[in-house]
Amino acid sequence: MREYYTASARLKAGLIISEATSISITSRGWLGAPGLYTDQQVEGWKQIVDAVHAKGGRMFSQLWHTGRSSHVEMTGGPAPVTAFG
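Residues numbered from 1 in each chain as written. Predicted model: local features only at pLDDT ≥ 70, side-chain atom pairs only at ≥ 80, totals over all residues. Heavy atoms only, no water.

Colleague: So what exactly am I meant to see when it comes to helix α2 (residues 39-54) here?
Modeller: Side chains three or four residues apart in an α-helix point the same way, a direct result of the helix having 3.6 residues per turn. For α2, which comprises 16 residues, the first-to-last C-alpha distance of 22 Å matches the rise-based estimate of 22 Å (1.5 Å per residue) to within 8%. When we look at burial in α2, the residues that qualify are Gln41, Trp45, Ile48, Ala51 and Val52. Taken end-on, α2 shows its buried residues confined to a sector of 120°, consistent with a single buried face. Turned more than 90 degrees off the buried face of α2, the exposed positions are Asp39, Gln40 and Ala54. Buried residues along α2 sit in contact with α1 (2-10), β1 (15-17), β2 (21-22) and β3 (58-60). Positive backbone phi, approximately 90°, marks Gly56, located one or two places after α2. (Helix = DSSP H or I, 4+ residues; strand = E, 2+ residues; numbered from the N terminus. Expected span 1.5 Å × (residues − 1). Buried < 20%, exposed > 50% of the residue type's maximum accessible area, 1.4 Å probe, protein only. Arc of directions from axis to C-beta. Contact = heavy atoms within 4.5 Å.)

Quick look at the structure:
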């Protein structure tokens, strides 16, 4: 992912907006979806953002919550948080 995002920074894209990034395990829409809710994920994103900054780019994280389209199979057991409980 670092190479993907730094490629845009090398092209002088200016502001780079990440793909939809889950805010919690109960908001995850599919297995393998990027997240920003564990220390490990934060560290991974930090490496990507640092690389983008090193190339002169700016980056914004598009935070995402899939709501009722999620499922317990995507959360590892916890019920997804939705407006409908």
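Colleague: What am I meant to see in the packing of aromatic side chains here?
Modeller: The way to describe two aromatic rings as a pair is by their centre distance and the angle between their planes. Inspection of every chain in the model, using the stated rule, returns three aromatic pairs. Where Tyr5 meets Trp45, the ring centres are 6.0 Å apart and the plane angle is 50°; that geometry is what we call tilted. Of this pair, Tyr5 sits in helix α1 while Trp45 sits in helix α2, placing them 40 residues apart in sequence. For Tyr5, a relative accessible area of 3% translates into the label buried. Classification of Trp45 by relative accessible area gives buried; the value is 11%. Ring centres of Trp30 and Trp64 lie 5.0 Å apart, and the angle between their planes is 55°; on these two criteria the pair is classed as tilted. Here Trp30, found in the loop between β2 and α2, pairs with Trp64, found in strand β4 (residues 63-64); they are 34 residues apart in sequence, far enough to count as distant. Trp30 sits in the partly exposed class, given a relative accessible area of 43%. (Phe/Tyr/Trp six-rings, centres within 6.5 Å; stacked < 30°, edge-to-face > 60°.)

Colleague: Mind showing me how you'd approach the nonpolar core here?
Modeller: Nonpolar side chains tend to gather and get buried jointly when the protein is soluble and globular. Formed by Tyr5, Ala9, Ile16, Trp45, Ile48, Val52 and Met59, the largest nonpolar core amounts to seven residues. Mapped by element, the contributors of at least two residues to this core are α1 and α2. In terms of residue count, the dominant contributor to this core is α2 (three residues). Once residues lying within four places of it in the same chain are set aside, the contact partners of Ile16 are Tyr5, Ser8, Ala9, Val52, Arg58, Met59 and Phe60. (Core = buried A, V, L, I, M, F, W, Y, C linked by side-chain atoms within 4.5 Å.)

Colleague: Sorry if this is basic, but what is going on with the packing of α1 against α2 here?
Modeller: To characterise two packed helices, one gives the angle between the axes of the helices and the distance between these axes. Where α1 contacts α2, the two axes come as close as 9 Å, and the packing angle between them is 25°. Comparing the axis directions of α1 and α2 gives the class roughly parallel. Classified by chirality, the crossing of α2 by α1 is right-handed. Within the contact between the two elements, α1 uses Arg2, Tyr5, Thr6 and Ala9 and α2 uses Trp45, Gln47, Ile48, Ala51 and Val52. Of the residues assigned to the contact of α1 with α2, the class counts are six nonpolar, two polar and one charged. (Axes fitted to C-alpha atoms, helices over the stretch in contact; angles between N-to-C directions. Parallel < 35°, antiparallel > 145°, perpendicular 65-115°, else oblique. Left-handed = near helix turned anticlockwise from the far one by under 90°. Nonpolar A, V, L, I, M, F, W, Y, C, P; charged D, E, K, R; others polar.)

Interpretation in functional terms is not warranted from these geometric data alone.
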